[in-house]
Structures are given as structure tokens and as C-alpha cells.
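Descriptive structure summary
These are the residues of each chain, in order.
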Amino acid sequence: MSSHIDVPPGGVTRSDGAGPADVPARSSDRGAATRGALLAAARDVFCESGFAQAAVTDIVAKAGASVGSLYHHFSGKADLYLTLYENFQNGQQVRTRQAINAVREAGVTDPMQQFLAGATAYFDGCIKERDVARLFISGDGPPGFDRVMRQRLGTWARRNAALFNTADGGVDEALVMVLTGAMAGAVSEVSLMDDEDAARRLADEIVAILGTIRNPRTGHG
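Anyway, here's the lowdown on the structure attached to this text. Predicted model, so just to flag it, every value in this text is computed and none were measured.

**Observations concerning the overall build of the chain**
A count of helical and extended segments in the chain gives nine helices and zero strands. Put simply, the chain runs from its N terminus to its C terminus through helices and strands in the order α-α-α-α-α-α-α-α-α. Burial analysis of the chain (221 residues in total) assigns 36% to the buried set. For the chain, contacts bridging at least 24 residues in sequence account for 66% of all contacts bridging at least 6. Carbon and sulfur atoms provide 54% of the accessible area of the chain, an area that totals close to 12500 Å².

Encoded structure:
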């Protein structure tokens with residue numbers, strides 16, 4: 001029996017003889033690229049037309065894809081919108097976590113200063129991505145989106161609460177509520193501003209004011 005193995009021009013064959021071994025990888029890459037193109041197109045179309053007026057046909061045309069490919073990757077227009085929202089919020093979470101970790105590594109132990117570092121990073125993300133940030137606060141989203149936003153706000157409040165533990169191991173709930181509520185309203189105002197420099201100035205002023213808040217029970221943030 002010859003020990004020579006013939007390799008076809010297309011590459012090494014799969015063990016099942018179905019074709020080149022790198023076909024699944026190439027197919028996966030194409031699928032990821034199509035999914036990314038659909039999300040990018042949906043972002044543009046939603047920001048321009050709003051969710052209600054956005055058409056699936058416009059999204060797939062802008063993505064250079066097909067309606068079938070959209071429904072292969074997403075369940076529909078609402079799924080695209082919610083995925084964009086989750087991607088944005090996940091990015092914001094990374095920004096705030098990195099900012100808080102950075103000040104901690106620099107030796108900052110004051111929970112208020114840590115919160116303010118995270119708040120500054122959150123504002124920065126909203127300003128850099130104002131088009132998509134304002135999309136999510138426009139009120140023009142899929143049915144039930146307000147509930148999704150409330151859940152996200154609750155998650156954010158719980159993360160903030162972890163920074164403000166009381167001496168007995170509890171949580172300064174009133175302080176967390178004030179800070180979280182103030183940030184929620186401020187984020188909307190900053191995101192709606194067209195002038196980036198003005199938005200940054202407002203964000204800085206808001207962070208400075210938040211830094212003056214003190215818990216009356218403890219005398220500090």
C-alpha cells in the first residue's frame with residue numbers, strides 16, 4: 001500500500017469526505033460577517049427612521065443581504081433592535097468597569113469617587129455613540145422595550161449598591177436610588193444634545209454635582 005496521500009487543490013479533505021476541512025470555518029466567518037452587516041445596517045436605519053418606520057427590506061438592502069439571511073440570524077426587526085441595545089449596554093458596562101478598576105488600582109477607595117469614575121465613563125460612551133443612545137430613549141421601540149430598560153436600570157442600581165455598603169453590611173438604598181435616578185435622567189439629556197463639546201461640558205457639570213451628594217446618615221458618600 002502506498003504511503004503517499006493525495007491532497008486536492010482545495011486543501012485537506014475532511015474525515016467524512018464531504019469537502020475541504022476549512023469549509024465550516026469559512027462558512028462560520030461568512031455568517032458572522034452577515035450578522036454584523038445586518039446589525040450595522042439596522043443601527044443606521046433605526047437611527048434614521050425610528051423603529052416603527054424602519055422596514056426590513058431597507059435593512060437587508062443596506063446590509064447587502066437577503067430577507068432570508070436576516071431571519072436566519074434574527075427573529076425579526078424587534079430582535080435586531082434588542083440585540084443592538086444589549087450590545088450597547090454591554091459596551092457601557094465594560095467602559096464603567098474598566099474606569100472603576102482603574103481608580104481602584106490607583107488607590108482610590110472612596111465609593112463615591114469610584115461611582116463618579118464609572119459615571120464619567122458611562123457619559124463618555126453615550127456621547128461617543130449619541131445616535132444609538134438617543135434611539136433607545138426616544139420611546140420608539142418594540143413592544144415591551146420599556147420593561148427591558150427598567151430591568152437594565154435595576155441591574156445597574158444593584159451594581160451601584162455594591163459600591164455603597166453600610167457599616168453593618170447593608171446597602172445605602174436611598175443614596176443608591178438618588179444617584180441612579182439622577183444618572184438616568186442626566187443620560188437622557190446628554191444623549192439628546194447635538195453639540196459634542198456642550199454635551200461633554202454638561203456631563204462634567206453633572207458629575208461634579210453628583211460628587212457633592214452626601215449621605216445624611218454618614219456625612220459622606
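**Brief notes about the side chain of Gln114**
Considering the arrangement of structural elements, one finds Gln114 in helix α5 (residues 111-128). Among the polar contacts made by the side chain of Gln114, one reaches the main-chain carbonyl oxygen of Val108 at a distance of 3.1 Å. Excluding anything up to four places from it in sequence, Gln114 contacts Ile100, Val103, Arg104, Val108, Thr109 and Leu163.

**Quick word on the pattern of salt bridges**
One pass over the structure, following the stated rule, counts nine salt bridges. Of the charged contacts, one joins Glu129 and Arg43 as a salt bridge, the two residues approaching to 3.2 Å between their closest N and O atoms. Taken together, the positions of Glu129 in the loop between α5 and α6 (130-136) and Arg43 in helix α1 (residues 23-49) put the pair 86 residues apart, joining distant regions of the chain. On the accessibility criterion, Glu129 (18% relative accessible area) is buried. In this structure, the salt-bridge partner of Asp131 is Arg43, at a minimum N-O distance of 3.1 Å. Taken together, the positions of Asp131 in helix α6 and Arg43 in helix α1 put the pair 88 residues apart, joining distant regions of the chain. For Asp131, a relative accessible area of 36% puts it in the partly exposed group.

**Considering helix α9 (residues 196-210)**
At 3.6 residues per turn, the α-helix brings residues three or four places apart onto the same side. Here α9 spans 21 Å end to end across 15 residues, near enough to the 21 Å set by a 1.5 Å rise per residue. Those residues of α9 lying buried are Ala198, Ala199, Ala203, Ile206, Val207 and Leu210. Along its buried surface, α9 packs onto α5 and α8 (173-191). For α9, the side-chain oxygen to backbone nitrogen distance between the N-cap and Asp197 is 2.9 Å, and the N-cap itself is Asp195.

**A closer look at the packing of α5 against α9**
In the contact formed by α5 and α9, the axes pass within 10 Å of each other and the chain directions differ by 165°. One element, α5, and the other, α9, form an angle in the roughly antiparallel class. Crossing geometry of α5 relative to α9 is assigned as right-handed. Of α9, the residues touching α5 (which contributes Met112, Phe115, Leu116, Thr120, Phe123, Asp124, Ile127 and Lys128) are Glu196, Ala199, Arg200, Ala203, Ile206, Val207 and Leu210. In terms of residue class, the contact of α5 with α9 is made up of 10 nonpolar, one polar and four charged.

**With respect to the packing of aromatic side chains**
Aromatic ring pairs are described here by two measures, namely the spacing of the ring centres and the angle between the planes. Enumeration over the complete set of coordinates arrives at 11 aromatic pairs. Measuring from ring centre to ring centre gives 5.4 Å for Tyr81 and Phe136, while their planes differ by 90°; the resulting arrangement is edge-to-face. One end of the pair, Tyr81, is in helix α4 (residues 77-105); the other, Phe136, is in helix α6, and 55 residues separate them in sequence. Here Phe136 falls in the buried class, since its relative accessible area comes to 3%. With 6.1 Å between their ring centres and 45° between their planes, Phe136 and Phe145 make a pair best called tilted. Within the aromatic cluster, the residues linked to one another by ring pairs are Phe46, Phe51, Tyr81, Tyr85, Phe88, Phe136 and Phe145. Across the ring face of Phe51, the terminal group of Lys77 is positioned such that the distance to the ring centre comes to 4.6 Å.

About the thresholds
Residues numbered from 1 in each chain as written. Predicted model: local features only at pLDDT ≥ 70, side-chain atom pairs only at ≥ 80, totals over all residues. Heavy atoms only, no water. Helix = DSSP H or I, 4+ residues; strand = E, 2+ residues; numbered from the N terminus. Buried < 20%, exposed > 50% of the residue type's maximum accessible area, 1.4 Å probe, protein only. Contact = heavy atoms within 4.5 Å. Areas by Shrake-Rupley, 256 points an atom, 1.4 Å probe, with all protein chains shown as cover. Polar contact = N/O pair within 3.5 Å; in protein donor to acceptor, adjacent residues only side chain to side chain. Salt bridge = Lys/Arg side-chain N within 4 Å of Asp/Glu carboxyl O. Expected span 1.5 Å × (residues − 1). Axes fitted to C-alpha atoms, helices over the stretch in contact; angles between N-to-C directions. Parallel < 35°, antiparallel > 145°, perpendicular 65-115°, else oblique. Left-handed = near helix turned anticlockwise from the far one by under 90°. Nonpolar A, V, L, I, M, F, W, Y, C, P; charged D, E, K, R; others polar. Phe/Tyr/Trp six-rings, centres within 6.5 Å; stacked < 30°, edge-to-face > 60°. Lys NZ or Arg CZ within 6 Å of the ring centre and 35° of its normal.

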